[in-house]
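Single-letter residue listing:
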Amino acid sequence: MSHSLRLMIRYVRGAKNLTSGCISFRLEKERYTPYTEFTSQWYCDSATALTEIVAVVFYIDNTMVHYGYPTDIRTIKKDGRIIVDIKSTGYTAALMTNQCPDGMLTDIDLAGLGAASGNPPLIAYQQNTPVVNYVNYYDGTSAWDAIVCYSIRATGLYPYLGGYNTIRVSVPENAGSLEISSGALISQSFGSDYSRIISKITMKDIDGTEGAYVYTNGLAAQRTIVRAKELNFDREWIMDPSEGLKFKSNYAMRKITFDSFSFLGCNPLLELLDSFSVTDLRYRGEIDRLIFTGSPEKGFVTTIYCYHDGFCE
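Residues numbered from 1 in each chain as written. Predicted model: local features only at pLDDT ≥ 70, side-chain atom pairs only at ≥ 80, totals over all residues. Heavy atoms only, no water.

Draft legend 1. Here's a closer look at the nonpolar core. With 38 residues, the main nonpolar core has Leu7, Phe25, Phe38, Phe58, Val84, Phe276 and Ile304 as its most contacted residues. Once residues within four sequence positions are removed from consideration, Val84 is found in contact with Ile9, Leu18, Ser40, Gln41, Trp42, Cys44, Ile53, Ile73, Arg74 and Thr75. Of all hydrophobic cores here, the second largest spans 31 residues; its members include Ile147, Ile152, Tyr158 and Phe247. (Core = buried A, V, L, I, M, F, W, Y, C linked by side-chain atoms within 4.5 Å. Buried < 20%, exposed > 50% of the residue type's maximum accessible area, 1.4 Å probe, protein only. Contact = heavy atoms within 4.5 Å.)

Printed below as a string of structure tokens:
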């Protein structure tokens, strides 16, 4: 199975397009990560400058799937050849580190929240989302934490990355789907991860009263796990502390179990939360982790993970 690949490298001045010479690549999008991660190696022509690269854009079949900044990019000249070795993170990662001034924002939707968080560049937001009565910033709350709190309250859905740079808080009505048969699978697996699960959360109230709020997770007890957590009052959930504890428990159980499937090919139009099914196995899930890889040894491969936890089907 063949696909066209294109890499645009942006310099401080000028840019370079590569349409051939890809040695390998790996692109990942994940349900709880608001940015794409991209690694790749390409052969370049002898005129390629050994200078600073400020951004990379990656296309599969003319569809942009990554636009990001370097986390480790090197242009290497060796044995008469030039190779660019790339590690890059999508620009939406800025939401994880941008801290916002303390204060309460009232009657706000997602676009308004994005504007209030300083509008980091190259980030888009789902439009016409529900309005909630407040979002509370305090003690250096990140823009992403505020979006998560907003999304849980507005739609009940953990927010996620659509495309390469759009933050969404609900699944589009025209969400995609992929159906394959088991004969097309390279591999299939089932996994569990109990490393984060919390059995009991106890939180003080706003006046510091011990044990004012308690949330117990019965799933932890069923799995013979005792892992208790004591918290000070969380002002991010100031209007609904109990809902905040439920959220913390569900987040601690993210990816607790999952199915994964690998098969040949890369469809750049696949998105997180699209529907995925293996027809003859009568399996159906949502796409919660999506990995595209390509190399001469293995060709083009897609790996899909379907999580089963408090936020995913």
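What follows continues from the structure just given.
Draft legend 2. Molecular detail of the pattern of salt bridges. Tallying each qualifying case throughout the model produces ten salt bridges. With a shortest N-O distance of 3.7 Å, Glu30 and Lys255 are connected by a salt bridge. You can see Glu30 sitting in strand S3 (residues 22-30) and its partner Lys255 sitting in the loop between helix H5 (241-252) and strand S19 (257-264), a full 225 residues away along the chain. For Lys255, a relative accessible area of 24% corresponds to the partly exposed category. Lys204 is the partner of Glu210 in a salt bridge, and the nearest nitrogen-oxygen pair spans 3.7 Å. The network of salt bridges with common partners includes Arg26, Glu28 and Arg289. (Salt bridge = Lys/Arg side-chain N within 4 Å of Asp/Glu carboxyl O. Helix = DSSP H or I, 4+ residues; strand = E, 2+ residues; numbered from the N terminus.)

Draft legend 3. Examining the sheet that holds strand S16 (residues 200-203) more closely. A sheet is described by the order of its strands in space; here three strands give the open sequence S17-S16-S18, paired in mixed fashion. Strands at the two margins of the open sheet, each flanked by one partner only, are strand S17 (213-216) and strand S18 (228-231). Taking each pair of neighbouring strands and ignoring which way they run, the sheet shows an average axis angle of 10°. Sheet topology places S16 next to S17; four bridges connect them, and they run antiparallel. Paired with Thr202 across the two strands is Val214, which belongs to S17. (Pairing = 2+ DSSP bridges. Axes fitted to C-alpha atoms, helices over the stretch in contact; angles between N-to-C directions.)

Draft legend 4. The arrangement of helix H3 (residues 143-154) in detail. The end-to-end C-alpha separation of H3 is 16 Å, in line with the 16 Å expected for twelve residues at 1.5 Å each. Burial runs high along H3: nine of the twelve residues are buried. Those residues of H3 that sit buried are Ala143, Trp144, Ala146, Ile147, Val148, Cys149, Tyr150, Ser151 and Ile152. (Expected span 1.5 Å × (residues − 1).)

Draft legend 5. Quick peek at the layout of surface pockets. Approximately 380 Å³ is the volume found for the largest pocket. Forming the walls of the largest pocket are 21 residues, and the residues nearest its centre are Asp145, Glu236, Phe247, Lys248 and Tyr251. Secondary-structure elements contributing two or more residues to the lining of the largest pocket are H3, S18 and H5. Class assignment for the residues of the lining of the largest pocket results in twelve nonpolar, two polar and seven charged. Roughly 170 Å³ of volume is contained in the second largest pocket. What lines the second largest pocket is a set of 13 residues, among which Met64, Val65, Gly163, Pro268 and Glu271 lie closest to the centre. Breaking the lining of the second largest pocket down by element, the ones donating at least two residues are S3, strand S6 (63-70) and strand S22 (289-295). (1 Å grid on protein atoms, 1.4 Å probe; cavity = no way out; pocket = protein on both sides within 12 Å on 5 of 7 lines; lining within 4 Å. Points joined across faces, edges and corners; volume = space filled by probe spheres on them. Nonpolar A, V, L, I, M, F, W, Y, C, P; charged D, E, K, R; others polar.)

Draft legend 6. Representation of the pairing of S6 in the model. Direction of pairing for strand S5 (residues 53-60) relative to S6: antiparallel, over a ladder of five bridges. Among the inter-strand pairings, Tyr59 is bridged to a residue of S6, identified as Met64. Connecting S5 to the antiparallel partner S6 that follows it, the hairpin turn spans two residues, and Asp61 within it adopts a positive phi of roughly 50°. Examined bridge by bridge, S6 and strand S8 (residues 81-90) share three bridges and lie antiparallel to one another. Looking at S8, one finds that Pro70 is bridged to Ser88.

Spatial relationships are all this shows, so hold off on functional conclusions.
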